[in-house]
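# Report on the structure
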Amino acid sequence: MQKYSVFSLIKNAFSNHQNWEVAWKDPTPKSEYDVVIIGGGGHGLATAYYLAKEHNIRNVAIIEKGWIGGGNVGRNTTIIRSNFMYDANARFNEFGMDLWRNLSQELNFNVMFSPRGIINLAHSDAQMNAYARRGNSMRLNGIDAKLLNRDEVKKLIPMADFSDEVRFPIFGGLMQPSAGTARHDAVAWGYARQADDMGVDIIQHCEVTGFDVVNGKIKGIRTSRGDIKAKKVGICVAGSTNILAEKLNMTLPIETHVLQACVSEPVKPLLDGVVTFGAGHFYISQSDKGEMVMGGDLDGYNSYAQRGNLPTIQHVLTGGLALFPFLSRLKMLRTWGGIMDMSMDGSPIIDKTHIEGLYLNCGWCYGGFKSTPVSGWTFAHTIAQDQVHELNSELRLNRFSTGHLLDEKGLGTKTWIG
Amino acid sequence: MLYIKCPYCGLRAQKEFSYGGDATVKRPNINEEVSSEDWDNFVYMRKSPRGKHIELWQHIAGCRQWIKVQRDTATHEIFQTAKVTEEIR
């Protein structure tokens, strides 16, 4: 594989950049693989990469219905963080942060990981107490957390509304300085290029239509491009999980919902980190191009549409305006939607299933992008070793029946409605 | 914007309603022994189909009645609405 560097950039400039190698091939599916990963998003590509790299399993195919990186890895707001209270979520995502820190070098692809910090704002004493508790939990797990008072927040985001008239005054906030953003497409492309180089077949425009299960054991999958035998199959399809589960006669603790995001026209740099509003569901950061990147609530009803409705955007931006009045003078460039696999406790599932050789990676809710590397890393381990790793030992499917929920926000089921 | 026909009030904008989830999920009978599996199915497990979906909505900024809506989850097209006591077929 051609290494990307400043020298290869200069060399290719002489031929007008016409002679770059393709970053990944377009193979026809073989009749049999050791492992088939369904879903060519960030998590699926990362899983294939770590299967090849960490476990030396290279006879692997990624089956993608559309094109790689066309789903949620290309639709998120690029936020990376590990500011979780529960040990299971905190350790899992902090391991992921370590993978992020080295990802550009490891993949020889600039994913533009930028640890610019995230501030969760508090608007009451009770919220400050809750953040102090969460911050302490984070620090016990070795994650950097800083409780900020009102003046400290004002220094960091002076453009927020600190006047006396506001309905939800800023009391302070909880900051994770090591959180940040990354270029989401580059994550998919970087993993795809390295996985392809190690022998993984990336098969695009190939829809899974069914599964071959014999005596409780997976034998292969049926696709729009023919049957493919496989010793092991991993499902990594986010919002489409329920569609595949139906083909397997499985019912999951997951509902599929649409989440919208939007960006404004680009403006000069004014916000260097990620900020979340604590009195409504609204978060904002500024991209390197200068656009304000914003998101918030789900539309709130089951949807596979990958597009939402205007009332939700209006509702989210009302919260945004309450926090940052300057937004009222910006034009919105575009809005879009992605479909979320909302688990019933708000935490993901990376586990084996009752079918031997079939593995499940789902339930990422709004937060799949930040966990892309660690999700792939632990899912690859779970598939290769046929057992969960310590890091995903609490992200099991059976936690709903045993009562070991990871309801990070303490809202119970249907966190998106509560 | 979705427009939902409330069986009591007529056609109203989505903003007047709040969503209540899958209307086909049945609560296990009261005062009877409930197995863990039945309880899990009721509380956590959802089919979440792509296509026609019968769901509950509440006309929260109107008559406050709960209603049933049959809607396509891929196109958002609404086919039928009914009172919560009525069946949608």
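Notes on the structure in this doc start here.

The rules we used
- Residues numbered from 1 in each chain as written.
- Chains lettered and ligands numbered in written order.
- Predicted model: local features only at pLDDT ≥ 70, side-chain atom pairs only at ≥ 80, totals over all residues.
- Helix = DSSP H or I, 4+ residues; strand = E, 2+ residues; numbered from the N terminus.
- Rg over C-alpha atoms; globule rule 2.2 N^0.38 Å.
- Buried ≥ 20, exposed ≤ 12 C-beta atoms within 10 Å, placed from the backbone.
- Pairing = 2+ DSSP bridges.
- Axes fitted to C-alpha atoms, helices over the stretch in contact; angles between N-to-C directions.
- Contact = placed C-beta atoms within 7 Å.
- Expected span 1.5 Å × (residues − 1).
- Arc of directions from axis to C-beta.

A few words now on the overall build of chain A. When helices and strands are counted, chain A shows 11 helices and 18 strands. Over its C-alpha atoms chain A spans a radius of gyration of 22 Å, differing by no more than 12% from the 22 Å that the globule rule assigns to 418 residues. If one aligns the C-alpha atoms of chain A with their principal axes, the spans along those axes are about 70 × 60 × 40 Å. Expressed as a percentage of the 418 residues in chain A, the buried residues total 52%.

Turning to the sheet that holds strand β5 (residues 146-149) of chain A, a few remarks are in order. Residues and elements named next belong to chain A. On the basis of which strands lie adjacent, the open sheet formed by eight strands has the order β5-β6-β4-β13-β14-β15-β12-β16 and mixed pairing. For this open sheet the edge positions go to β5 and β16 (332-343), each flanked by a neighbour on one side alone. Averaged over all pairs of adjacent strands, the angle between strand axes in this sheet comes to 25°, irrespective of strand direction. One ladder, built from four bridges, connects β5 with strand β6 (residues 172-176); its direction is antiparallel. Following the sheet pairing, Leu148 is matched in β6 by Gly173. Against the sheet, helix α9 (residues 310-323) engages β12 (254-264), β13 (274-277), β14 (282-286), β15 (292-302) and β16, with an angle of about 140° to β15.

Further remarks concern the environment of Gly69 of chain A. Position of Gly69 of chain A relative to the elements: it lies in the loop between β2 (60-63) and β3 (79-80). Among residues more than four places away in sequence, those in contact with Gly69 of chain A are Gly41, Gly74, Asp185, Ala188 and Trp189 of chain A.

This brings us to α9 of chain A. Residues and elements named next belong to chain A. In this model α9 runs 20 Å from its N-terminal to its C-terminal C-alpha over 14 residues, within 8% of the 20 Å that 1.5 Å per residue would give. Buried within α9 are the following residues: Thr312, Ile313, Val316, Gly319, Gly320 and Leu323. Seen from one end, α9 has its buried residues packed into an arc of 125°, which puts them on one side. Those residues of α9 that are exposed and aimed more than 90 degrees away from the buried face are Leu310, Gln314 and Thr318. The inward-facing, buried residues of α9 contact β12, β13, β14, β15 and β16.

Residues and elements named next belong to chain A. For helix α7 (residues 184-197), built from 14 residues, the straight-helix expectation of 20 Å at 1.5 Å per residue is met to within 8% by its first-to-last C-alpha distance of 21 Å. Of all the 14 residues making up α7, 11 are buried; the element is thus mostly covered by neighbouring parts of the structure. Within α7, the full set of buried residues consists of His184, Val187, Ala188, Trp189, Gly190, Tyr191, Ala192, Arg193, Gln194, Ala195 and Asp196. Packed against the buried residues of α7 are α2 (42-55), α4 (103-107), β8 (201-203) and α10 (372-385).

Many structure descriptions define interface size as the accessible area lost when the parts assemble. Taken together, the contact pairs 20 residues of chain B with 23 residues of chain A. Elements supplying a minimum of two residues to the side of chain B that touches chain A: β3 (18-22), α1 (36-43) and β4 (52-58) of chain B. When residues in the side of chain B that touches chain A are grouped by element, the largest group, three residues, is from α1 of chain B.

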